[in-house]
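Secondary and tertiary structure notes
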Protein chains: 2
Amino acid sequence: MPERGTYVVTTLLDVNEVQNVDDRGESRTYLVADVASRKAIIIDSIIENVERDLTLVKELNLILAFAVETHIHADHITGASLIKDRTGVPIVYGGGAEAVVTGADLFLHDGKDLTFGATSIRALATPGHTDSCTSYWLPRGVFTGDTMFIRGNGRTDLQGGSSKKLFESVRAKLFTLPDETVVYPGHDYNGRVASTIGEEKRFNPRLNLSIDLDTFVDMMNKRRAPLPEKIDIAVPANMKAGRV
Amino acid sequence: MPERGTYVVTTLLDVNEVQNVDDRGESRTYLVADVASRKAIIIDSIIENVERDLTLVKELNLILAFAVETHIHADHITGASLIKDRTGVPIVYGGGAEAVVTGADLFLHDGKDLTFGATSIRALATPGHTDSCTSYWLPRGVFTGDTMFIRGNGRTDLQGGSSKKLFESVRAKLFTLPDETVVYPGHDYNGRVASTIGEEKRFNPRLNLSIDLDTFVDMMNKRRAPLPEKIDIAVPANMKAGRV
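We now turn to the structure provided with this report. From a predicted model like this one, the values you see are computed outputs, not experimental measurements. (Residues numbered from 1 in each chain as written. Chains lettered and ligands numbered in written order. Predicted model: local features only at pLDDT ≥ 70, side-chain atom pairs only at ≥ 80, totals over all residues. Heavy atoms only, no water.)

**Things to note about the overall build of chain A**
The number of helices and strands found in chain A is 6 helices and 12 strands. By the compact-globule yardstick of 18 Å for 244 residues, chain A fits well, its C-alpha radius of gyration being 17 Å. Dimensions along the principal axes, computed over C-alpha positions, put chain A at roughly 50 × 40 × 35 Å. Burial analysis of chain A (244 residues in total) assigns 60% to the buried set. A sequence separation of at least 24 residues applies to 65% of the contacts in chain A between residues at least 6 apart. Looking at chain A as shown, the accessible area adds up to about 9600 Å², and 53% of this sits on carbon and sulfur atoms. One finds the centroid of the 28 positive side-chain charges in chain A at a distance of 3 Å from the centroid of its 33 negative side-chain charges. (Helix = DSSP H or I, 4+ residues; strand = E, 2+ residues; numbered from the N terminus. Rg over C-alpha atoms; globule rule 2.2 N^0.38 Å. Buried < 20%, exposed > 50% of the residue type's maximum accessible area, 1.4 Å probe, protein only. Contact = heavy atoms within 4.5 Å. Areas by Shrake-Rupley, 256 points an atom, 1.4 Å probe, with all protein chains shown as cover. Lys, Arg positive; Asp, Glu negative; His and termini not counted. Charge placed at Lys NZ, Arg CZ, Asp CG, Glu CD.)

Okay, here's the thing in structure tokens:
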């Protein structure tokens with residue numbers, strides 16, 4: 001289990017996208033601060049929101065330690081490289097992204113910890129939405145990226161996605177965490193901010209414990225969604241850690 | 001100080017409004033649950049989101065005790081009466097609304113507590129955005145409605161609003177709470193979910209401690225904003241606790 005520092009999670013909503021309802025991503029960025037040391041990490045920043053995010057870091061008197069990514073996003077460009085340019089902090093991707101991402105400083109492989117002050121996050125390799133998706137766990141909370149949403153999950157038809165892998169990632173890596181663990185997703189389309197592992201085990205319509213692999217794969221195979229509007233610019237940029 | 005039960009605040013974003021960017025209200029609803037008893041209150045529900053909210057109450061196995069309003073909203077219709085129809089819970093407005101609101105079951109006057117399980121909220125009369133605005137304080141948190149936002153405040157040019165009263169409400173009622181008190185606003189337009197009293201004392205651009213009453217009033221007098229799109233249906237409906 002990662003170290004038990006006292007930490008505070010600040011949820012930041014994407015305000016850029018609301019100018020365009022058709023491309024509404026409802027993306028979520030998280031600022032996780034270790035209280036004692038004031039060291040902090042930012043997870044899944046968005047390039048257009050970096051100014052707001054760094055203003056908040058400064059106002060809260062935090063020392064930014066890492067810019068962390070759950071995966072190679074297809075719907076927005078990460079702010080990681082811009083944050084690095086502005087602050088010098090290292091960029092961290094999950095271990096699965098090592099073969100495909102340039103511009104990152106550290107790849108956190110499955111089971112490895114990243115420490116800031118007395119708090120650590122642990123990488124959980126959770127492929128399925130993309131082949132290199134990583135969730136980050138810390139005591140009482142987990143950042144699930146697009147692997148698992150509140151009552152939903154990320155699409156599995158792009159970027160090396162696999163419904164079988166996603167199902168197995170959720171069951172083996174996320175649903176083995178304590179039920180009271182808070183779930184902080186990469187997006188939410190229904191106005192929720194957080195959930196818990198226990199809630200998702202019971203109420204996630206595609207992933208709850210009563211559903212088996214074949215049923216899940218079948219549900220995902222029947223799902224049709226348009227391509228993310230920004231995919232052709234976002235994926236190449238994010239494979240360079242958001243360097244545009 | 002209100003009783004110190006262990007409580008959990010769930011922030012719920014308005015998902016109805018995103019269909020119409022021009023009328024983007026970024027309204028916030030809060031579900032506050034007393035952990036031991038599972039009794040809960042919902043603050044500033046929105047009529048279009050009631051189904052979602054009650055589903056969550058059910059899933060979380062909560063016992064809804066009260067539907068609480070911070071003020072007579074001009075931008076959306078409260079879900080209070082629909083929730084009462086569906087669950088039977090009493091509707092609570094702040095004491096200042098007693099002369100103008102029908103359909104409420106209880107008016108919580110300044111300094112009075114409302115108890116659910118081992119948790120209580122205390123009404124703080126904070127007129128200024130409207131003449132009957134009430135904030136609700138519980139240990140470590142305060143629901144400020146439209147009196148104070150994160151780095152902002154509600155308009156003061158409608159519904160008996162008064163810049164002088166708002167300034168005095170913030171200084172006398174909100175800024176006297178402990179600095180670490182979490183601020184849960186009625187809206188946020190910049191993707192923030194919560195702030196603290198200490199942050200707002202320092203960084204609120206119109207209300208921080210370096211600004212005096214005359215300067216604040218002058219800033220508000222110079223502010224121009226269009227009427228809320230739904231004002232002509234929302235205010236009359238909300239004066240009947242959302243009965244439409």
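**Structural notes on the interface of chain B and chain A**
With 23 residues of chain B at the interface, the matching set in chain A holds 23 residues. The tally of links from chain B across to chain A stands at 2 salt bridges. With a closest N to O distance of 2.5 Å, R151 of chain B and E59 of chain A form a salt bridge. Along the contact surface separating chain B from chain A lie 6 residue pairs in polar contact (both at pLDDT 80 or more). Among the residues making up the side of chain B that touches chain A, the classes are represented as 10 nonpolar, 4 polar and 9 charged. (Salt bridge = Lys/Arg side-chain N within 4 Å of Asp/Glu carboxyl O. Polar contact = N/O pair within 3.5 Å; in protein donor to acceptor, adjacent residues only side chain to side chain. Nonpolar A, V, L, I, M, F, W, Y, C, P; charged D, E, K, R; others polar.)

**Some thoughts on the sheet that holds strand β1 (residues 7-13) of chain B**
Residues and elements named next belong to chain B. With respect to topology, 6 strands assemble into an open sheet ordered β1-β2-β3-β4-β5-β6, the strand pairing being mixed. Where the open sheet ends on each side, the last strands, each with one partner, are β1 and β6 (106-108). Taking each pair of neighbouring strands and ignoring which way they run, the sheet shows an average axis angle of 25 degrees. Here 4 bridges tie strand β2 (residues 28-34) to strand β3 (residues 39-43), and the two strands are oriented antiparallel to one another. When the sheet's bridge partners are listed, L31 is paired in β3 with I42. Of the strands in this sheet, β3, β4 (63-68) and β5 (91-94) are in contact with helix α2 (residues 80-87), which crosses β4 at around 155 degrees. (Pairing = 2+ DSSP bridges. Axes fitted to C-alpha atoms, helices over the stretch in contact; angles between N-to-C directions.)

**Some remarks on the sheet that holds strand β1 (residues 7-13) of chain A**
Residues and elements named next belong to chain A. If you walk across this open sheet you meet the 6 strands as β1-β2-β3-β4-β5-β6, and the pairing is mixed. Each edge of the open sheet is held by one strand with a lone partner, namely β1 and β6 (106-108). Going from strand to strand, the sheet's axes swing by 25 degrees on average, the running direction of each strand aside.

**A look at the packing of helix α3 (residues 163-174) of chain A against helix α5 (residues 213-222) of chain A**
Residue and element names in this part refer to chain A. Taken N-terminus to C-terminus, the directions of α3 and α5 make an angle of 130 degrees; their axes are 9 Å apart at the nearest point. Of the possible angle classes, the one that applies to α3 and α5 is oblique. α5 is crossed by α3, and the crossing has right-handed handedness. On α5, the residues that touch S163, K164, L166, F167 and E168 of α3 are L213, F216, V217 and M220. Residue classes in the contact of α3 with α5 are distributed as 6 nonpolar, 1 polar and 2 charged. (Parallel < 35°, antiparallel > 145°, perpendicular 65-115°, else oblique. Left-handed = near helix turned anticlockwise from the far one by under 90°.)

**Looking at the pairing of strand β4 (residues 63-68) of chain A**
Residue and element names in this part refer to chain A. Buried residues dominate β4, accounting for 5 of its 6 residues. Pairing of strand β3 (residues 39-43) with β4 involves 5 bridges; the strand directions are parallel. Among the inter-strand pairings, I41 is bridged to a residue of β4, identified as F66. Taken together, β3, helix α1 (residues 50-59) and β4 constitute a β-α-β crossover, and its handedness is right-handed. Looking at chain direction, β4 and strand β5 (residues 91-94) are connected through 2 bridges and run parallel. (Right-handed = clockwise from strand over helix to strand, strands pointing away.)

**Observations concerning the relation of the copies chain B and chain A**
Expressed as a screw operation, the relation of chain B to chain A combines 0.0 Å of axial shift with a rotation of 180 degrees, fitting to an RMSD of 0.0 Å. Read as a symmetry element, the transformation amounts to a two-fold axis. A shared interface surface links the copies, since 100% of the contact residues of chain B are contact residues in chain A too. (Least-squares fit on C-alpha atoms with pLDDT ≥ 70 in both.)

**Concerning the environment of E48 of chain B**
Residue and element names in this part refer to chain B. In this fold, E48 is placed in the loop between β3 and α1 (50-59). Judged by relative accessible area, E48 falls into the partly exposed class, the value being 41%. Residues E48 and G25, 23 residues apart in the sequence, show an inter-C-alpha distance of 13 Å. When sequence neighbours within four positions are dropped, the list of residues in contact with E48 reads N16 and K230.

**Concerning the pattern of salt bridges**
Inspection of every chain in the model, using the stated rule, returns 32 salt bridges over all chains. R151 of chain B serves as the salt-bridge partner of E200 of chain B, at 2.6 Å between the closest nitrogen and oxygen. In this pair, E200 of chain B is assigned in helix α4 (residues 197-203) and R151 of chain B in the loop between β10 (141-145) and α3 (163-174), connecting sequence segments 49 residues apart. The exposure class assigned to E200 of chain B is buried, which follows from its relative accessible area of 0%. Each of E59 of chain A together with R151, R192, E199 and E200 of chain B takes part in salt bridges that share partners, so that together they form one network.

**Overview of the packing of aromatic side chains**
Centre distance and the angle of the planes are the two values used to describe a pair of aromatic rings. Residue and element names in this part refer to chain B. Following the criterion strictly, the structure yields 10 aromatic pairs over all chains and no others. The interplanar angle of 15 degrees and the centroid separation of 4.9 Å between the aromatic rings of F143 and Y184 together place this pair among those described as stacked. With a gap of 41 residues between them, F143 in strand β10 and Y184 in strand β11 (residues 182-185) connect regions that are remote in the sequence. The exposure classification of F143 matches that of Y184, with both residues buried. (Phe/Tyr/Trp six-rings, centres within 6.5 Å; stacked < 30°, edge-to-face > 60°.)

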